[in-house]
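Examining the three-dimensional arrangement
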Amino acid sequence: MESKGVKIKKLVKIYPTSKGKEFRAVDDVSIDIEPGEFVTLLGPSGCGKTTTLRMIAGFETPTSGDIYIGEDRINDLPPNKRDSSMVFQSYALFPHYNVYDNIAYGLKIRRMNKSLIKEKVENIIELVGLKDMENRFPDQLSGGQQQRVALARALIMEPKVLLFDEPLSNLDAKLRNYMRTEIRKIQKKVNITAIYVTHDQSEAMSLSDRIIIMNKGRIEQIGTPIEIYYRPKNEFVADFIGIANIINVNIESVESGQGLLNIFGEKIWIPYNGEIGKRKAIIRPEAIQIGKKGLISGEIVLSTFMGSYQDYVININGMDIKIQDANPQEKEKFTEGEEAYISFNTRHVHII
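A brief structural summary.

What counts and what doesn't
- Residue positions are counted from 1 within each chain, in the order its sequence is given.
- At least 70 in pLDDT is required for a residue's local features to be given in this predicted model, at least 80 for side-chain atom pairs to be given and counted, and no such filter applies to totals for whole chains, interfaces and linings, which use all residues.
- Side-chain metrics rest on all non-hydrogen atoms present in the structure, leaving aside hydrogens and water.
- To qualify as a helix, a DSSP run of H or I must reach at least 4 residues; to qualify as a strand, a run of E must reach at least 2; elements of each kind are numbered from the N terminus.
- Throughout, exposure labels follow a simple rule: accessible area from a 1.4 Å probe, protein chains only, divided by the maximum for the residue type, with under 20% read as buried, over 50% as exposed, and the rest as partly exposed.
- Think of each axis as a best-fit line through the C-alpha atoms, taken over the contacting stretch in the case of a helix, with angles from 0 to 180 degrees between the N-to-C directions.
- For classification purposes, angles smaller than 35 degrees are called roughly parallel, those larger than 145 roughly antiparallel, those between 65 and 115 roughly perpendicular, and all remaining angles oblique.
- Should the near helix be turned counterclockwise from the far one by less than a right angle, the crossing is left-handed, whereas a clockwise turn marks it as right-handed.
- The criterion used for residue contact is that any of the two residues' heavy atoms lie within 4.5 Å.
- Residues are said to line a cavity or pocket when one of their atoms sits within 4 Å of a point; the points come from a 1 Å grid over protein atoms alone, cavities being sets where a 1.4 Å probe fits but cannot get out and pockets being open sets with protein on both sides within 12 Å along at least five of seven lines.
- Grid points are joined across faces, edges and corners, and a volume is the space filled by probe spheres set on the points.
- The classification used treats Ala, Val, Leu, Ile, Met, Phe, Trp, Tyr, Cys and Pro as nonpolar, Asp, Glu, Lys and Arg as charged, and all other residues, Gly among them, as polar.

Across residues other than glycine, the phi torsion is negative in most instances, and most of the peptide bonds are trans. Notably, Asn-191 is not glycine yet its phi reads approximately 55°, a positive angle. Relative to the assigned elements, Asn-191 resides in the loop between helix H5 (173-190) and strand E8 (193-198). Residue classification places Asn-191 among the partly exposed positions, given a relative accessible area of 42%. Phi angles above zero are rare outside glycine, and Lys-216 is one such case at about 55°. Position of Lys-216 relative to the elements: it lies in the loop between strand E9 (210-215) and strand E10 (218-223). Take Lys-216: its relative accessible area is 68%, and that puts it in the exposed class.

With that settled, the discussion passes to the packing of helix H3 (residues 114-128) against helix H4 (residues 143-155). The angle between the axes and the distance between the axes are what describe a pair of packed helices. Contact geometry of H3 with H4 gives a least axis separation of 10 Å together with a crossing angle of 135°. In terms of their interaxial angle, H3 and H4 are classed as oblique. With respect to the hand of their crossing, H3 and H4 are arranged in right-handed fashion. Judged by residue contacts, Ile-124, Leu-127 and Val-128 of H3 engage Arg-148, Ala-152 and Leu-155 from H4.

Each pocket or cavity is described by its volume, and for the largest pocket that value is around 720 Å³. Along the walls of the largest pocket sit 24 residues, with Asn-80, Ser-84, Ser-85, Met-86 and Met-157 positioned nearest its centre. Looking at the lining of the largest pocket, the elements that each hand over two or more residues are strand E6 (84-87), helix H2 (99-109) and H4. Residue contributions to the lining of the largest pocket peak at four residues, all from E6. Grouping the amino acids of the lining of the largest pocket by side-chain chemistry returns 16 nonpolar, four polar and four charged. A volume near 270 Å³ is recorded for the second largest pocket.

Structure below.
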């Protein structure tokens, strides 16, 4: 299946408000997506991610800016002429059609030859794992199976771009985990460009080649999951992706790619090439070690067994620091009220 890239240039969407003012749902957004790439728009409710997706699909009209699929500007094309297909949150299946007819619907509208429709439907059914379910109706399917039908119906139209509007949000947690693996597997197999909208961080991390973090209609950061997680550009991104300890620190001097970091009154050298002065340090909970000896001491205020890790909160100089201590079965556990020490690899400190 051929795929095409997507280019968005200075996209703006303004809605009028009841008070006669303007609300900028999408504000000067530019994105360049490569053919076959899986990109996720991630952010809190109202950040503009769904509006952006709907403008790509043709369900919303941009106030200004341009949208391209391949080399074609598609702003003025209706949704059915855009070489894209949408997989919706609600599945949008026809309840009176069985699986076969739901998937074949778009091809029948195109008046395709019946034998060719049969061949294409059978191939797609095999691809999405719905074999022997052709005659079932939507109310006879699980949520995950319904989502597969919706995905098959979109794929059978052979779009150049596949759009996902929070497609897994109606599923329970275990099925959601399974289905995102299946979606990624199918996307890679057919090598289709995919743009996925979600507010679920773990979904974005597990699915994406790149993640686009949005906030208040604007892009905060674009990067791979690793870049976004370990090298957030600002406090919003650090706080939105995963769990982060955001600590006020002072960089006292910089020499030969090293910065002298004053953190909780302790001075340590870290890899750093930026400016001196007051900054914020990002340290992920799993990057901190806890023990009876270490760099800085504090009081344990929370100790919770979470199975694969022990969840701690340690208060140091009035600030609560979160720690996730992996494989607690092999380690000494601390309880609330105990004194403990923390330490960390200086390479795992990120300054913003």
